[in-house]
Amino acid sequence: MMLAYDGSGIDGSAYTAVVDLAHRTPGWLDTTISAWSTYGLALFAVLMLAGWWRARRSGPEAAVQALAAPVLVLVAYGVNDALKQVVREDRPCQTLHRAVLEACPAPGDWSFPSNHAALAAAAAAALWFVSARLGAVATLAALAMGASRVWVGAHYPHDVAAGLVIGAVVALALGAALYHRPQALARRLAATRLRPLLTVS
């Protein structure tokens, strides 16, 4: 039997209030939020692709920053998931036994911190280095993603908050390091088969 952490003492009452509210709202709203919670991460991929497409017109350095965005997201995911394996917090639907909108994951699919929230926040942070407009849109979308994960019953609020912070901090730290010296990396990539990704042909 796997030892697991019970996070319900932190904000289990807030979680219960949210999932109970979800059962009292119109079905179309629950369906919309559930769809966003499940498929919304695709929007961040689209925003990163759009950011790269525009960045090519600003020069190789800007294109490098845009190409780095998905890499920063993957690194943030790795950090977040490693912490998840250390903390090993049971999902709230397992601990509190509430009826929720999303199917309750199997034991061993840990809850803290939220991977969805970390991915969304990392994408938003990375996009701020590419375009302020895209970064702002992605930030709002990341907050909506985090809220949706509680609404559907997948996470406690503290899971989401931690995921948002971890994703943003990792992406901001790595993105800032790259932002101040992208020239060398741009020169290296320009000498490879990736050169067409850096400029408009």
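Every chain begins its residue count from 1, and numbering advances along the sequence as written. Side-chain atom pairs in this predicted model are given and counted only at pLDDT of 80 or more, local residue features only at pLDDT of at least 70, and totals for whole chains, interfaces and linings cover all residues. Computation of side-chain values: all heavy atoms of the structure, hydrogens and water removed.

1. Some words on the state of the cysteines
- The term disulfide is used for any two cysteine sulfur atoms that are within 2.5 Å. In this structure the tally under the stated criterion is one disulfide.
- With its sulfur 2.1 Å from that of its partner, Cys93 forms a disulfide with Cys104. Between Cys93 and Cys104 the disulfide shows an S-S torsion of about 85°. By sign, it is right-handed. Here Cys93, found in helix α5 (residues 92-95), pairs with Cys104, found in the loop between α5 and α6 (115-128); they are eleven residues apart in sequence, far enough to count as distant. By the criteria applied, helices consist of DSSP H or I runs no shorter than four residues and strands consist of E runs no shorter than two, each listed in order from the N terminus.

2. Side note on helix α3 (residues 41-55)
- Here α3 spans 21 Å end to end across 15 residues, near enough to the 21 Å set by a 1.5 Å rise per residue.
- The set of residues buried in α3 consists of Phe44, Leu47, Met48, Gly51, Trp52 and Ala55. Down the axis of α3, the sector holding all buried residues measures 135°, keeping them to one side. Seen from the open side of α3, the exposed residues pointing more than 90 degrees away from its buried face are Val46 and Leu49. Expected helix span is given by 1.5 Å per residue-to-residue step, counting one fewer step than there are residues. For each residue, the accessible area found with a 1.4 Å probe, counting protein chains only, is set against the maximum for its type, and the residue is called buried under 20%, exposed over 50%, and partly exposed in between. Regarding the arc, it is the one traced by the directions from the helix axis to the C-beta atoms.

3. Thoughts on α6
- Spanning 14 residues, α6 covers 20 Å between terminal C-alpha atoms, matching the ideal 20 Å at 1.5 Å per step.
- Of all 14 residues that make up α6, eleven are buried, and the element is covered over most of its length.
- Of all the residues in α6, the buried ones are Asn115, Ala117, Ala118, Ala120, Ala121, Ala122, Ala123, Ala124, Ala125, Ala126 and Leu127.
- Pairs of N or O atoms within 3.5 Å make up the polar contacts considered here, provided that, within protein, one atom can donate a hydrogen while the other can accept it, and that residues adjacent in sequence are counted only when both atoms are side-chain atoms. Residue Ser114 occupies the N-cap position of α6, its side-chain oxygen lying 3.4 Å from the main-chain nitrogen of His116.

4. Here we look at the nonpolar core
- Definition used in this section: a nonpolar core is a set of buried Ala, Val, Leu, Ile, Met, Phe, Trp, Tyr and Cys residues joined via side-chain atoms within 4.5 Å. Of all hydrophobic cores here, the largest spans 32 residues; its most connected members are Tyr15, Phe44, Met48, Leu127, Ala138, Ala142 and Leu164.
- Contributions of two or more residues to this core are made by α1 (8-22), α3, α4 (60-87), α6, α7 (132-151) and α8 (157-179).
- Counting residues per element, this core draws most heavily on α6, at nine residues.

5. Here's the deal with the packing of aromatic side chains
- Ring pairs shown here join Phe, Tyr and Trp side chains whose ring centres sit within 6.5 Å, with only the six-membered ring taken for Trp; geometry is labelled stacked below 30 degrees between planes, edge-to-face above 60, and tilted in between. A complete count under the given rule lists three aromatic pairs for this structure.
- Ring centres of Trp52 and Trp53 lie 5.7 Å apart, and the angle between their planes is 70°; on these two criteria the pair is classed as edge-to-face.

6. Quick look at a nonpolar patch on the surface
- Each patch is built from salt-bridge-free residues with over 30% relative accessible area, joining like charges within 9 Å and nonpolar side chains (Val, Leu, Ile, Met, Phe, Trp, Tyr) within 5 Å. Note on areas: Shrake-Rupley with a 1.4 Å probe; residue coverage comes only from the protein chains shown. Salt bridges are defined as contacts in which a side-chain nitrogen from Lys or Arg sits within 4 Å of a carboxyl oxygen from Asp or Glu. Side chains of Val71, Val75, Val79 and Leu174 sit close together on the surface and give an oily, nonpolar patch of about 290 Å² of accessible area.
- Considering every element that reaches the nonpolar patch, the biggest residue donor is α4, with three residues.
- Residue placement: Val79 occurs in helix α4.

7. Description of the packing of helix α2 (residues 27-39) against α7
- Axis definition: a line fitted to C-alpha atoms, over the contacting stretch in the case of helices. Angles run 0 to 180 degrees between N-to-C directions. At a minimum axis separation of 9 Å, α2 and α7 run at an interaxial angle of 115°. Between α2 and α7, the angle is such that the two are roughly perpendicular. Pair α2 / α7 crosses with left-handed handedness. Contacts from Leu29, Asp30, Ile33, Trp36 and Ser37 of α2 reach α7 at Ala141, Ala144, Met145, Ser148, Arg149 and Trp151.
- Classifying every residue of the contact of α2 with α7 gives seven nonpolar, two polar and two charged. By the definition adopted for this analysis, an angle is roughly parallel if under 35 degrees, roughly antiparallel if over 145, roughly perpendicular if from 65 to 115, and oblique otherwise. Throughout, a crossing is termed right-handed when the near helix is turned clockwise from the far one, and left-handed when it is turned anticlockwise from it by less than a right angle. In this description, contact between two residues means that some pair of their heavy atoms is separated by no more than 4.5 Å. Just so you know the grouping, Ala, Val, Leu, Ile, Met, Phe, Trp, Tyr, Cys and Pro go in nonpolar, Asp, Glu, Lys and Arg go in charged, and all remaining residues, Gly too, go in polar.

8. Focus on the environment of Ser37
- With respect to the secondary-structure elements, Ser37 resides in helix α2.
- With relative accessibility at 0%, the residue Ser37 sits in the buried group.
- Between the C-alpha atoms of Ser37 and Trp151, which are 114 residues apart in sequence, the distance is 8.9 Å.
- The contact partners of Ser37, leaving out residues within four places of it in the chain, are Glu102, His116, Met145, Ser148, Arg149 and Val152.

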